[in-house]
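Listed below are the residues making up each chain.
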Amino acid sequence: MPELPDVEVFRDVLEEHGLERRIETVHLPSDSVLEDVSKSTLRRRLKGHRLVSTRRHGKHLFAGIDGGGWLRFHFGMTGYLASWEGDEDGPEHAKLILDFPGGRHLGYVCVRRLGVIGIVDDAEAFVEEKGLGPDARDLDLDGLRQRLEGRSGSIKGTLMNQGVVAGLGNIYVDEILYQSGVDPRARADGLPDDAARSIHRTTGRVLERAIDGGVEDFPRAWLIRRREAGADCGRCEGTIEKTEVSGRSTYFCPRHQRK
DNA sequence: GCCTTTGTTTGATC
DNA sequence: AGATCAAACAAAGG
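Please read all numbers here as calculations on a predicted model, not as lab measurements.

**Focus on unusual backbone geometry**
Positioned with a positive phi, Asp-36 is a non-glycine residue whose angle comes to about 60 degrees. Tracing the backbone shows Asp-36 in the loop between β1 (25–27) and α2 (39–46). Taking relative accessible area as the criterion, Asp-36 reaches 72% and is therefore assigned exposed. Phi is positive for Val-215, which is not a glycine, with a value near 60 degrees.

Printed below as a string of structure tokens:
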């Protein structure tokens, strides 16, 4: 579930509850989601320090540590950040809990353990090494055109490829293509220019609106409100169909989404 | 109980 | 070589 807008909301949690407070205790319960860092190193790098800044690239979130380096989060399919106050245990399946003065806690929670936590020296360098494309929020039209060039796969698979554009996943790509009127199975490099233009414009609009709404209360006109085979399209007289594209369940309206 | 779901990595194939 | 695709992964809910 966590795609760019979700991670942006987690970033708000981090900004509001996790910054500029001394980390008193670092809890790393049982099965670890740590990558490239041991529990003891992570504890040493965080304990007694403060998180002082945040960065996001695509679905990756970073928290700058006052002693240098960045705490890195990836949320897999079911991860999220939570903050709470007091003596309660907090959510189940928390993999990392930071305790702050005054009883405030910040937790990284991941039920299915496909998320990852690590420490990196340099967030930029990490993005480079991973080979991530530009963040979907900053992508300009020419950049998008260039990145679709020579791609023989489906437009859906290409937009979900984090090396092409970072931040979009199954739900938002379906939404963008639905609102752009583009068939998810269309070849990425064969799109008419107005389709590329529409995808670009729609991507910006959809992401901003999703973030503004806190990733809830989506407009009624959105596909996300009717991801169900047989539902009325809502944009035209068509009917929503379910199929599989790039190995992912895909909802679209064959009537107004064209190749 | 099997199927579906989500994002990424992997190994194979084009 | 580089792109693309299917399968695997965990675990819960239908």
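What follows continues from the structure just given.
**Comments concerning the protein's contact with DNA strand B**
Looking at DNA strand B, there are 17 residues lining it, with His-74, Met-77, Lys-130, Lys-242 and Arg-248 nearest. Within 4 Å of the protein, atoms of DNA strand B come from sugar and phosphate in 56% of cases. At 2.9 Å from a phosphate oxygen of DNA strand B is found a side-chain nitrogen or oxygen belonging to Lys-59. With respect to DNA strand B, the side chain of Arg-248 contributes an N or O atom lying 2.6 Å from a base nitrogen. Put simply, the parts of the chain that give the surface near DNA strand B at least two residues each are α6 (170–180) and β10 (248–252). Looking at the surface near DNA strand B element by element, the count peaks at three residues for β10.

**Quick look at the pattern of salt bridges**
For the coordinates displayed, the defined rule picks out 15 salt bridges. Note that Arg-55 is salt-bridged to Glu-124, the shortest N-O span being 2.6 Å. Placement of Arg-55 in strand β2 (residues 51–57) and of Glu-124 in helix α3 (residues 123–130) is noted, with a sequence separation of 69 residues between them. Taking relative accessible area as the criterion, Arg-55 reaches 24% and is therefore assigned partly exposed. For Glu-124, a relative accessible area of 53% corresponds to the exposed category.

**Looking at helix α1 (residues 4–17)**
For α1, built from 14 residues, the straight-helix expectation of 20 Å at 1.5 Å per residue is met to within 8% by its first-to-last C-alpha distance of 20 Å. Among the residues of α1, those classed as buried are Leu-4, Pro-5, Asp-6, Val-7, Glu-8, Phe-10, Val-13, Leu-14 and His-17. Buried residues belonging to α1 abut β2, β3 (60–65), β5 (79–85), β7 (104–110), α6 and α7 (193–212).

**Looking at the sheet that holds strand β8 (residues 116–120)**
Strand order in this open sheet of four strands is β2-β3-β4-β8, and the pairing throughout is antiparallel. Since the sheet does not close on itself, it has two edges, and those belong to β2 and β8, each with one partner. Averaged over all neighbouring strand pairs, the angle between strand axes comes to 20 degrees, with direction disregarded. Pairing between β3 and strand β4 (residues 70–74): five bridges, direction antiparallel.

**Description of the nonpolar core**
The biggest cluster of nonpolar side chains holds 29 residues, and the ones touching the most others in it are Leu-71 and Leu-96. For this core, the secondary structure elements donating two or more residues are α1, α2, β3, β4, β6 (94–99), β7 and β8. The element that contributes the greatest number of residues to this core is α1, accounting for four residues. Discounting chain neighbours no more than four positions away, the residues touching Leu-71 are Leu-42, Leu-46, Leu-61, Phe-62, Ala-63, Ile-65, Leu-96, Ile-117, Gly-118 and Ile-119. Core analysis: the second largest hydrophobic core is formed by 28 residues, Val-173, Val-206, Ala-210 and Val-215 among them.

**As for the domain arrangement of chain A**
Often, the extent of an interface is quoted as the loss of accessible area on bringing the components together. You can read the domains of chain A as domain 1 (4–130) and domain 2 (141–252). The C-alpha centroid of domain 2 is placed 30 Å from the C-alpha centroid of domain 1. Opposite the eight residues of domain 1 that make contact, domain 2 presents eleven residues. Around 770 Å² of area is buried between domain 1 and domain 2 when both sides are counted, 76% of it from carbon and sulfur atoms.

Analysis parameters
Residues numbered from 1 in each chain as written. Chains lettered and ligands numbered in written order. Predicted model: local features only at pLDDT ≥ 70, side-chain atom pairs only at ≥ 80, totals over all residues. Heavy atoms only, no water. Helix = DSSP H or I, 4+ residues; strand = E, 2+ residues; numbered from the N terminus. Buried < 20%, exposed > 50% of the residue type's maximum accessible area, 1.4 Å probe, protein only. Near = heavy atom within 4 Å. Polar contact = N/O pair within 3.5 Å; in protein donor to acceptor, adjacent residues only side chain to side chain. Salt bridge = Lys/Arg side-chain N within 4 Å of Asp/Glu carboxyl O. Expected span 1.5 Å × (residues − 1). Contact = heavy atoms within 4.5 Å. Pairing = 2+ DSSP bridges. Axes fitted to C-alpha atoms, helices over the stretch in contact; angles between N-to-C directions. Core = buried A, V, L, I, M, F, W, Y, C linked by side-chain atoms within 4.5 Å. Domains from an automatic or database assignment. Buried area = accessible area lost by both parts, 1.4 Å probe.

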